[in-house]
Amino acid sequence: MKRKLFCEISPLTYKISYESRILKRQITDQLFGRIAQEKSQAQLPYLIFSHQSLMRRGLRKVPIPVEEAKVANLKIAAPKVSHIIIRPGETFSFWHLVGRCTEKSGYQNGLMVANDGELKKGTGGGLCQFSNLIHWMILHTPLEVVEKYHHEQVDMFPDANREVPFGSGTSIVYNYLDYRFKNNTSTTYQLLTYVGEIYLHGEIYASDPQMNTYEVKAIGEHFESKDGVVYRCGQIFQYRYDQNHQLINQTLIKTNHARVAYDTSQLAVIKN
């Protein structure tokens, strides 16, 4: 029998606890946060990095109406972040800008990942793709990620149209699982985000040129089986180079050991 979650055992107590954590976060941010909130339609002069993320991957597990709901949600959320200015010493907060996702605000039931790693539908579902896009861009800058959460270690979908390494994504829940980065540099940065017909687009600009370049890639990725369960394994590193493309340092971003939740018959699996 599947163990019941606390929110199922005592929904009212869970609701009170949930709302109290949200309120505590809001008060703390107001008093001490230095949260970025100024926007400017004037674009900063230097394009640092850009990325586009395919919104409809056509996966068999995801019904078309659910994917379309995600696209609708992204169209609401993207303008809330776009053109935000992150000055030196300020912290970017995803949920501070996007706010709570409600039906009244126009959000639809998109795909979400539950605490146990299983898929479900929920209001505002699909916004993880948005925070994933932002995180991927930030990994190509000197900005410091100060809050980030991973989904449960489950590889839910095959690599059809995958554009970034598996495991480099984020998990967000309003507002106590946030995605945040801090500008500890002397340069001002700006994010632009928008939804096209096919892709979710992101661009990051700066007031000064960026001297170093960054590369993020998966190393040693493979599939292995243990006790009849297949796992996706490997590591993700961030590499920083100087102007002569000489390696300055490398940082381990994530170690993957994720249970594969789809058909593995076509995978090259190492048996332990």
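Right, let's walk through the structure included here. (Residues numbered from 1 in each chain as written. Predicted model: local features only at pLDDT ≥ 70, side-chain atom pairs only at ≥ 80, totals over all residues. Heavy atoms only, no water.)

Right, let's get into the overall build of the chain. Regarding its fold elements, the chain presents five helices and 14 strands. A globule of 272 residues ought to have a C-alpha radius of gyration of about 19 Å, and the chain, at 19 Å, matches this closely. Principal-axis analysis of the C-alpha atoms gives the chain an extent of 55 × 50 × 35 Å. Residue burial in the chain is summarised as follows: out of 272 residues, 44% are buried. When contacts within the chain are restricted to residue pairs at least 6 apart in sequence, long-range pairs at least 24 apart make up 71% of them. A total accessible area of about 14,800 Å² is found for the chain, and carbon and sulfur atoms account for 52% of it. In the chain, which carries 32 positive and 26 negative side-chain charges, the distance between the mean positions of the two groups comes to 5 Å. (Helix = DSSP H or I, 4+ residues; strand = E, 2+ residues; numbered from the N terminus. Rg over C-alpha atoms; globule rule 2.2 N^0.38 Å. Buried < 20%, exposed > 50% of the residue type's maximum accessible area, 1.4 Å probe, protein only. Contact = heavy atoms within 4.5 Å. Areas by Shrake-Rupley, 256 points an atom, 1.4 Å probe, with all protein chains shown as cover. Lys, Arg positive; Asp, Glu negative; His and termini not counted. Charge placed at Lys NZ, Arg CZ, Asp CG, Glu CD.)

A word on the sheet that holds strand S6 (residues 144-147). Pairing is antiparallel across the open sheet formed by three strands, whose spatial order is S3-S8-S6. Each edge of the open sheet is held by one strand with a lone partner, namely strand S3 (91-93) and S6. Strand-to-strand twist in this sheet, taken as the mean axis angle between neighbours without regard to direction, amounts to 30°. (Pairing = 2+ DSSP bridges. Axes fitted to C-alpha atoms, helices over the stretch in contact; angles between N-to-C directions.)

Once that is clear, we can look at the pattern of salt bridges. Tallied over the full model, the rule gives 10 salt bridges. Where Asp29 meets Arg180, a salt bridge forms, and the shortest distance between an N and an O atom there is 2.6 Å. Of this pair, Asp29 sits in helix H2 (residues 11-33) while Arg180 sits in strand S8 (residues 180-182), and the two are 151 residues apart along the sequence. Both residues of the pair, Asp29 and Arg180, belong to the buried class. A single network of salt bridges, built from pairs that share partners, joins Arg25, Asp29, Glu147, Asp178 and Arg180. (Salt bridge = Lys/Arg side-chain N within 4 Å of Asp/Glu carboxyl O.)

Further remarks concern the nonpolar core. Among the nonpolar cores identified, the biggest contains 38 residues, and Phe92, Phe94, Leu127, Ile134 and Leu191 are the most heavily contacted of them. The set of elements that each furnish at least two residues to this core consists of H2, helix H3 (64-81), strand S2 (84-86), helix H4 (94-98), helix H5 (128-138), strand S9 (189-195) and strand S10 (199-206). Here the element with the most residues in this core is H5; it accounts for six residues. In contact with Ile134, other than residues within four places in its own chain, are Val81, Phe92, Phe94, Tyr179, Phe181 and Leu191. Counting six residues, the second largest nonpolar core, distinct from the first, contains Val62, Val66, Val154 and Met156. (Core = buried A, V, L, I, M, F, W, Y, C linked by side-chain atoms within 4.5 Å.)

Secondary-structure assignment places Thr91 in strand S3. Judged by relative accessible area, which is 9%, Thr91 ranks as buried. Among residues more than four places away in sequence, those in contact with Thr91 are Gly33, Arg34, Ile35, Ala36, Val146, Arg180, Phe181 and Lys182.

This part takes up the packing of aromatic side chains. Two aromatic rings, taken as a pair, are described by how far apart their centres are and by the angle between their planes. Enumeration according to the criterion identifies six aromatic pairs in this entry. Between Phe237 and Tyr239, the aromatic rings sit 6.1 Å apart at their centres with planes inclined by 35°, giving tilted as the arrangement. Comparing Phe237 with Tyr239 shows no difference in burial state: the two are buried. Here Lys217 stacks its cationic end above the ring of Tyr239, 5.3 Å away from the centre of that ring. (Phe/Tyr/Trp six-rings, centres within 6.5 Å; stacked < 30°, edge-to-face > 60°. Lys NZ or Arg CZ within 6 Å of the ring centre and 35° of its normal.)

Time to look at the sheet that holds strand S7 (residues 154-155). Strand order in this open sheet of five strands is S7-S13-S12-S11-S14, and the pairing throughout is mixed. Whereas interior strands pair on both sides, the edge strands pair on one side only; in this sheet they are S7 and strand S14 (269-271). Inspection of the sheet shows strand S12 (residues 229-241) paired to strand S13 (residues 247-260) by 11 bridges, in the antiparallel sense. In the strand pairing of S13, Ile236 is matched with Lys254.

Let us now look at a nonpolar patch on the surface. A cluster of nonpolar residues, Leu23, Ile27, Leu31 and Phe32, forms a patch on the protein surface that exposes about 460 Å² of accessible area. Topologically, Leu23 is positioned in helix H2. (Patch = residues over 30% accessible without salt bridge, like charges linked within 9 Å, V, L, I, M, F, W, Y side chains within 5 Å.)

Turning to the packing of H3 against H5, a few remarks are in order. Packed helix pairs are characterised by how far apart their axes lie and by the angle those axes make with each other. Orientation of H3 relative to H5, taken along the N-to-C sense of each, is 45°, at an axis distance of 9 Å. In this view, H3 runs oblique relative to H5, as classed from their interaxial angle. Seen from H3, the contacting residues are Lys70, Leu74, Ala77, Ala78 and Val81; seen from H5, they are Gln129, Phe130 and Ile134. (Parallel < 35°, antiparallel > 145°, perpendicular 65-115°, else oblique.)

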